[in-house]
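# Observations on the model geometry
Listed here are the chains, written in short residue letters.
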Amino acid sequence: MENETTNTIPTENKGGFGGVAGAVIIVAIIIIGGWYFIGNRVEKIQDQKSATTSSLQITTGTSTEIDDIQTDLDNLNLKVLD
């Protein structure tokens, strides 16, 4: 009895499925989060485009006279295009 040792280290079951299932769940969460993030960014970009096009209204005359064309160019606000 003096030389007997007791194995107290638990052995792992080799047929486990938990590691693979955990990895699949983590990858699925990352993909869902990416879709959510990209969806929000696309929506913000579309809102900015619609706001920009609605606020950017340049009205010019339809005359082909040089004086009218020069007046339109003088009244053009280029800061709106930034």
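Located above this text is the structure these notes cover.
Attention here is on the structure that accompanies the text. Keep in mind the model is a prediction, meaning the values are calculated, not measured. (Residues numbered from 1 in each chain as written. Predicted model: local features only at pLDDT ≥ 70, side-chain atom pairs only at ≥ 80, totals over all residues. Heavy atoms only, no water.)

### As for the overall build of the protein
Stated precisely, the cut-off is as follows: Helix numbering and strand numbering both begin at the N terminus, where a helix is a DSSP run of H or I of at least 4 residues and a strand a DSSP run of E of at least 2. To sort residues, take the accessible area from a 1.4 Å probe on protein chains only and compare it with the maximum for the residue type: under 20% means buried, over 50% means exposed, and anything in between is partly exposed. All accessible-area figures derive from a Shrake-Rupley calculation using a 1.4 Å probe, and residue coverage is judged against the displayed protein chains alone.
Per the secondary structure count, the protein includes two helices and zero strands. Per-residue burial for the protein yields a buried fraction of 0% across its 82 residues. Entry remark: accessible area of the protein is about 8200 Å², with carbon and sulfur atoms responsible for 59%.

### Some remarks on a nonpolar patch on the surface
Note the threshold: For patch building, the residue pool is restricted to those with more than 30% relative accessible area and no salt bridge; the joining distance is 9 Å between like charges and 5 Å between nonpolar side chains (Val, Leu, Ile, Met, Phe, Trp, Tyr). Between Lys or Arg on one side and Asp or Glu on the other, a salt bridge is scored when a side-chain nitrogen of the former is within 4 Å of a carboxyl oxygen of the latter.
Together, V27, I31, I32 and W35 make up a nonpolar patch on the protein surface, roughly 450 Å² of accessible area in all. Among the secondary structure elements, V27 is positioned in helix α1 (residues 18-55).

Function cannot be read off these values alone, since they describe shape.
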